[in-house]
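Breakdown of the fold
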2 protein chains.
Amino acid sequence: MITTSKTKKDVVTEFRTSEILEAARKVFAKKGFHDATVDDIANAAGVAKGTVYLYYRSKQEVYLAALKFGIAQMYSALVEEVRRVSTTEEKLRALIAAKLAYFEENRDFFKIYYFELGKIPTHPGTIDSEFKSLYLDQARLVESILKEGSRKKAIRNLRTDQAAFAISDLIRGVVTQRVLGWTKSKISQDVEFIFDLIWKGIAAQ
Amino acid sequence: MITTSKTKKDVVTEFRTSEILEAARKVFAKKGFHDATVDDIANAAGVAKGTVYLYYRSKQEVYLAALKFGIAQMYSALVEEVRRVSTTEEKLRALIAAKLAYFEENRDFFKIYYFELGKIPTHPGTIDSEFKSLYLDQARLVESILKEGSRKKAIRNLRTDQAAFAISDLIRGVVTQRVLGWTKSKISQDVEFIFDLIWKGIAAQ
DNA sequence: CCCGCAGGACTGACTATTCAGTCAGTCTAC
DNA sequence: GTAGACTGACTGAATAGTCAGTCCTGCGGG
């Protein structure tokens, strides 16, 4: 049956796609966009170079696919963790903890996310803006928490949009240090400390 | 006279070196380490490719020199601005303002500083650690401000080392957003907002 | 149940290009 | 006249992307 065979093909395609994506993520994280060769990725995925080009049109396309997959996955993880709790305070703490935890389990991803982005050949206004909007999703998540806190009078009167960016930035900075391996403190300590700093900065009164 | 000729040679060397460095900085910032060619740099500096190799042994060496020069210059600028004022509050605000101002005047430098670092071919424990120590210099500058504030009872009781990292990170994150062009707010606004957030988070009581 | 064949998934040697780095030769300043 | 600063054509290596050919799978007829 046509439908069945199509489905089967789809399954294979999906399998190969994710297999290559997984390999690409590791290789890109280890070597960076330029030093990673398509042969490296193919080897890591256990296929020949030509096969990579059956599923992706270029090295750049593989890279972007790996990156987008990771960002989307992380965003879901953050939303999920924030949903689990109810007060503004808990939500903020959960967000920070979730991001650091996600980092801990996906160090390779963050390496390409933070250091490769903006390095790949791109025509202004296309790829860039796509990632910008993914970044903005996260800032909006923070802002929604702050807005709710503002309504509930849990946090002081401030510009939630600016504060959302500042908090996102702080978290980004902290994670960056970890990506570079320039900090050795325990993650749980970091979470508490950062949260404490932010909370004192924004809490009501 | 030998001395005179040596000095003259030194002057020429210094001129060429800084000429190439300046060109390298622009080219690397625009194209990134890999896409920037030595010919690009030579052209931008108005010399032939061979000349670049008279002053630097490799493309990587040019890159590292440009980067180190920029970091050292920025650090001096920060220290200078912080010296100008006396209270902890002023010092912190001055630090934030100085970094953002330096960024505004050296966008190209930050682009290579934030996005290229950790991407260049490096043997673990050599180059990396050199930049780490340059980074730590800045964190230590923040920490010295905090420690003084702590002694003066201007800020609450907290781990100044951790707080110094957090504040450095926050600033780093904010600047990163600007490097990527993902924020349009006025710098002066940002300075006030970030300072306010930090200050509320660390001020005494 | 077996055989053979068609379509397409897969391969990897090959091509075309891009550059880092070299070096034989030129030019210039003294 | 010469030392050495400077040049830029050249080489060798690396690698993105291609494509002619192989292999595997599943199906239809004997």
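1. Digging into the overall build of chain A
A count of helical and extended segments in chain A gives 9 helices and 0 strands. Sequence-ordered secondary structure for chain A, helices as α and strands as β, is α-α-α-α-α-α-α-α-α. Partitioning the contacts of chain A with sequence separation of at least 6, the portion at a separation of at least 24 is 73%. When the accessible surface of chain A is split by element, carbon and sulfur atoms take 53% of a total near 10,100 Å².

2. Details of the protein's contact with DNA strand D
For DNA strand D, the set of nearby residues contains 16 residues, the closest of which are Val-38, Lys-49 and Tyr-53 of chain A together with Thr-51 and Tyr-55 of chain B. In DNA strand D, atoms within 4 Å of the protein come from the sugar-phosphate backbone in 63% of cases. Within the side chain of Lys-49 of chain A, one N or O atom sits 2.8 Å away from a base oxygen of DNA strand D. Arg-16 of chain B is positioned such that a nitrogen or oxygen atom in its side chain is 2.9 Å from a phosphate oxygen of DNA strand D. Only helix H3 (49–55) of chain A together with helix H1 (2–35) and helix H3 (49–55) of chain B provide two or more residues apiece to the surface near DNA strand D. The residue makeup of the surface near DNA strand D, split by class, is 7 nonpolar, 4 polar and 5 charged.

3. Describing helix H2 (residues 38–45) of chain B
Residues and elements named next belong to chain B. Three or more residues of H2 are buried, namely Val-38, Ile-41, Ala-42 and Ala-45. Here the buried residues of H2 occupy an arc of 100° about the axis, which is enough to place them on one side. Seen from the open side of H2, the exposed residues pointing more than 90 degrees away from its buried face are Asn-43 and Ala-44.

4. So, the nonpolar core
Core analysis: the largest hydrophobic core is formed by 134 residues, its most contacted members being Phe-110 and Ile-202 of chain A together with Phe-110 and Ile-202 of chain B. Here Ile-202 of chain A is in contact with Leu-92, Leu-146, Ile-155, Arg-156, Leu-158 and Ile-167 of chain A together with Leu-197 of chain B, once residues within four sequence places are set aside.

5. What to know about the environment of Glu-80 of chain B
Residues and elements named next belong to chain B. If you trace the backbone, Glu-80 turns up in helix H4 (residues 59–83). Sequence separation between Glu-80 and Ala-98 is 18 residues; the distance between their C-alpha atoms is 9.2 Å. At 3.2 Å, the side chain of Glu-80 forms a polar contact with the side chain of Arg-84.

6. Focus: helix H5 (residues 88–105) of chain A
A rise of 1.5 Å per residue sets the reference length of H5 of chain A, with its 18 residues, at 26 Å; its end C-alpha atoms lie 26 Å apart and thus fit the reference within 8%. Those residues of H5 of chain A lying buried are Thr-88, Lys-91, Leu-92, Ala-94, Leu-95, Ile-96, Ala-98, Lys-99, Leu-100, Tyr-102 and Phe-103 of chain A.

7. Focus on the relation of the copies chain A and chain B
Once turned by 180° and shifted 0.0 Å along the axis, chain A lies on chain B with an RMSD of 0.1 Å. Accordingly, the operation relating the two chain copies is best matched by a two-fold axis. Mapped onto chain B, 100% of the interface residues of chain A are again interface residues, and the two copies thus contact each other with one and the same surface.

8. Some thoughts on the packing of helix H5 (residues 88–105) of chain B against helix H6 (residues 107–115) of chain B
Residue and element names in this part refer to chain B. Following both chains from N to C, one finds H5 and H6 inclined at 105°, their axes separated by 5 Å at the closest point. On the basis of the axis angle, H5 is roughly perpendicular to H6. Of the residues in H6, those in contact with Lys-99, Tyr-102, Phe-103, Glu-104 and Glu-105 of H5 are Arg-107, Phe-109, Phe-110 and Tyr-114.

9. A word on the packing of helix H8 (residues 160–179) of chain A against helix H9 (residues 187–202) of chain B
With their axes 11 Å apart at the nearest point, H8 of chain A and H9 of chain B run at an angle of 70° to one another. On the basis of their axis angle, the class for H8 of chain A and H9 of chain B is roughly perpendicular. Mapping the contact onto sequence places Gln-162, Ala-163 and Ala-166 of chain A in H8 of chain A and Gln-189, Asp-190, Phe-193 and Leu-197 of chain B in H9 of chain B. Classifying every residue of the contact of H8 of chain A with H9 of chain B gives 4 nonpolar, 2 polar and 1 charged.

10. Here we look at the side chain of Arg-156 of chain B
Summarising the element assignment, Arg-156 of chain B is placed in the loop between helix H7 (127–151) and helix H8 (160–179). The buried category is assigned to Arg-156 of chain B, whose relative accessible area is 15%. Excluding its chain neighbours within four sequence positions, the residues that come into contact with Arg-156 of chain B are Asp-196, Leu-197 and Lys-200 of chain A together with Gly-201, Ile-202, Ala-203, Ala-204 and Gln-205 of chain B.

Conventions adopted
Residues numbered from 1 in each chain as written. Chains lettered and ligands numbered in written order. Predicted model: local features only at pLDDT ≥ 70, side-chain atom pairs only at ≥ 80, totals over all residues. Heavy atoms only, no water. Helix = DSSP H or I, 4+ residues; strand = E, 2+ residues; numbered from the N terminus. Contact = heavy atoms within 4.5 Å. Areas by Shrake-Rupley, 256 points an atom, 1.4 Å probe, with all protein chains shown as cover. Near = heavy atom within 4 Å. Polar contact = N/O pair within 3.5 Å; in protein donor to acceptor, adjacent residues only side chain to side chain. Nonpolar A, V, L, I, M, F, W, Y, C, P; charged D, E, K, R; others polar. Buried < 20%, exposed > 50% of the residue type's maximum accessible area, 1.4 Å probe, protein only. Arc of directions from axis to C-beta. Core = buried A, V, L, I, M, F, W, Y, C linked by side-chain atoms within 4.5 Å. Expected span 1.5 Å × (residues − 1). Least-squares fit on C-alpha atoms with pLDDT ≥ 70 in both. Axes fitted to C-alpha atoms, helices over the stretch in contact; angles between N-to-C directions. Parallel < 35°, antiparallel > 145°, perpendicular 65-115°, else oblique.

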